[in-house]
Amino acid sequence: MSNQAWLERSRAAVWHPCTQMKRHESLPIIPIASADGVWLTDFDGKRYLDGVSSWWVNLFGHSHPRIKQAIREQLDSLEHVMLAGFTHRPVVELSERLAALSGLGHAFYGSDGASATEIALKMSFHYWKNSGQPQKTRFVSLENSYHGETVGALAVTDVPIFSSTYADLLKPSLRAPSPDARQAAPGETAADVARRAAQSLGNLLAKRSHEIAAVIVEPLVQGAAGMAMYDPVYLTELRRLCDQYQVHLIADEIAVGFGRTGSFFACQQAGVAPDFLCLSKGITGGFLPLSCVLTRDDVYQAFYHDDVARGFLHSHSYTGNALACAAALAVLDIFEDENVLEANRILAEDFTRRMQPLRQRPDVRHFRQRGMIWAFDVETSRTDFALAYFSAMLKRGCLLRPIGKTVYFMPPYTLSGEEMQWLVDASLEALDEVQAGEARTGGDATALP
């Protein structure tokens, strides 16, 4: 069947995520038939370079042989068993290895990033209840933060296009200033901005820590805020403040974990460990849905009791799925065997060098890079910039999804020099086209296409 046939069937049957479906009257859905490495191929044979790792999940390229083989081997013994009252080899081994890597204890599993956020929020809330401080029920999140789109996660998300419609369903969190380095005043460094933001958070905690259960942050990079990057000193100060005021620190490393920022976990760049660590996206290399929350042993012990109601009675049917855990173990093996972090450092230097023509454009602002994430803001009058740029890149065989007027790159770690150059050249051409074009009606600078 052709692209057009699958497109029509999809529009008739599938409600696509993060999408105003009416837009697909004019912007075609791309039906993908197969994928290999950094390339997606549609049913008409056209290829697209996956510059965003399929929403940041695909670390080592599509159809990676080691991950596929791990799943095949697991299929021969166990595909799934409920984790309530049962266990299995992959989930035990994965939990042990994640604990060793993070310095945290017991692992609790879900199926996606928003589930991990919900688990961490509920655990923190319930911990304080079990510990005789039931008044600690509030959460602090950063301005422009994003932690998922289930009800609890939306309450700590500060992206109005996602959260404002559901305001009446939410218990709003307290907001602290973002340490986004783009806010630097003349003469200020990124570290100055981070310390200023930490001081404001400290003032909030000094006044209200008696009612605050936890602070939740995206370490080093706030994704949906337009890849807002900040200095690690903020995390150092945050850890100190949470200790001082007896408030939990929840690190949402759903997008930034597994080497994406240059270290295995982003918090490691500040030399700190959170009380709760949320993981998902790249954990299985993009093969299967899985999320995990790791926490300290003293948190686990607060739930360990004869009273069933003091236990953490949260559950998902596919918690700790054996196939997903086998994929995650293969991902850890690849990191271990192939010295991925060092290889990424070399790759990132090369990609940053190739991006200099983009960086030097007069309409590019705040070019920034952290590990395997690159971003820049575009000075443009087009209110439909995100949609226009997305379309222009698809024409050139590349998948990039701008966030408002921010263009970002989050490619798989297996990108070759030739593929890097393809992506850079297409990005330059697309910017020229979009800046020279006319804005479409109904555009929205904040919405993803």
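What counts, and where the lines are drawn
Residues numbered from 1 in each chain as written. Predicted model: local features only at pLDDT ≥ 70, side-chain atom pairs only at ≥ 80, totals over all residues. Heavy atoms only, no water. Helix = DSSP H or I, 4+ residues; strand = E, 2+ residues; numbered from the N terminus. Rg over C-alpha atoms; globule rule 2.2 N^0.38 Å. Buried < 20%, exposed > 50% of the residue type's maximum accessible area, 1.4 Å probe, protein only. Contact = heavy atoms within 4.5 Å. Areas by Shrake-Rupley, 256 points an atom, 1.4 Å probe, with all protein chains shown as cover. Lys, Arg positive; Asp, Glu negative; His and termini not counted. Charge placed at Lys NZ, Arg CZ, Asp CG, Glu CD. Salt bridge = Lys/Arg side-chain N within 4 Å of Asp/Glu carboxyl O. Pairing = 2+ DSSP bridges. Axes fitted to C-alpha atoms, helices over the stretch in contact; angles between N-to-C directions. Core = buried A, V, L, I, M, F, W, Y, C linked by side-chain atoms within 4.5 Å.

Asks: Before we move on, could you go through the overall build of the chain and cite the residues and values that matter?
Replies: Counting secondary structure elements, the chain contains 15 helices and 16 strands. A compact globule built from 449 residues would reach a C-alpha radius of gyration of about 22 Å, and the chain, at 22 Å, matches this within 12%. Its C-alpha atoms give the chain principal-axis dimensions of about 65 × 60 × 45 Å. When each of the 449 residues of the chain is scored for burial, the buried share is 55%. For the chain, long-range pairs separated by at least 24 residues make up 73% of all intrachain contacts whose partners lie at least 6 apart in sequence. As presented, the chain carries roughly 19300 Å² of accessible surface, and 53% of it is formed by carbon and sulfur atoms. Side-chain charges of the chain comprise 42 positive and 51 negative groups, with the mean position of each set lying 4 Å from the other.

Asks: Kindly report on the pattern of salt bridges, identifying the contributing residues and their values.
Replies: Under the defined criterion, the tally for this structure stands at 29 salt bridges. For Arg354, the salt bridge is made with Asp350, and the minimal N-O distance between the two is 3.0 Å. Residue Arg354 and its partner Asp350 are located together in helix 12 (residues 340-354), separated by 4 residues, close to a single helical turn. Through salt bridges with shared partners, a single network forms among Arg239, Asp243, Asp275, Arg296 and Asp298.

Asks: Report on the sheet that holds strand 11 (residues 276-279), specifying residues and quantitative values.
Replies: The mixed open sheet is built from 7 strands, whose spatial order is 4-12-11-10-7-5-6. At either end of the open sheet lies a strand with only one pairing partner, and these are strand 4 (107-110) and strand 6 (174-176). Pairs of neighbouring strands in the sheet enclose a mean axial angle of 20°, with direction left out of account. Relative to strand 12 (residues 291-295), strand 4 runs antiparallel, the two sharing 4 bridges. The residue bridging Gly110 from the neighbouring strand is Ser291, located in strand 12. Across the sheet, helix 4 (residues 89-102) is in contact with strand 4, strand 11 and strand 12; its angle to strand 4 comes to roughly 120°.

Asks: Hey, could you go over the nonpolar core for me, with residue numbers and the actual values?
Replies: Leu98, Leu201 and Phe409 are the most contacted members of the largest nonpolar core, which totals 112 residues. Broken down by element, this core gets its largest block of residues, 11 residues, from helix 11 (residues 322-337). Dropping the residues within four chain positions of it, Leu201 is found in contact with Val140, Ala176, Val215, Tyr234, Leu238 and Leu241. Listed in part, the 22 residues of the second largest apolar core include Phe108, Ala116, Trp128 and Val156.

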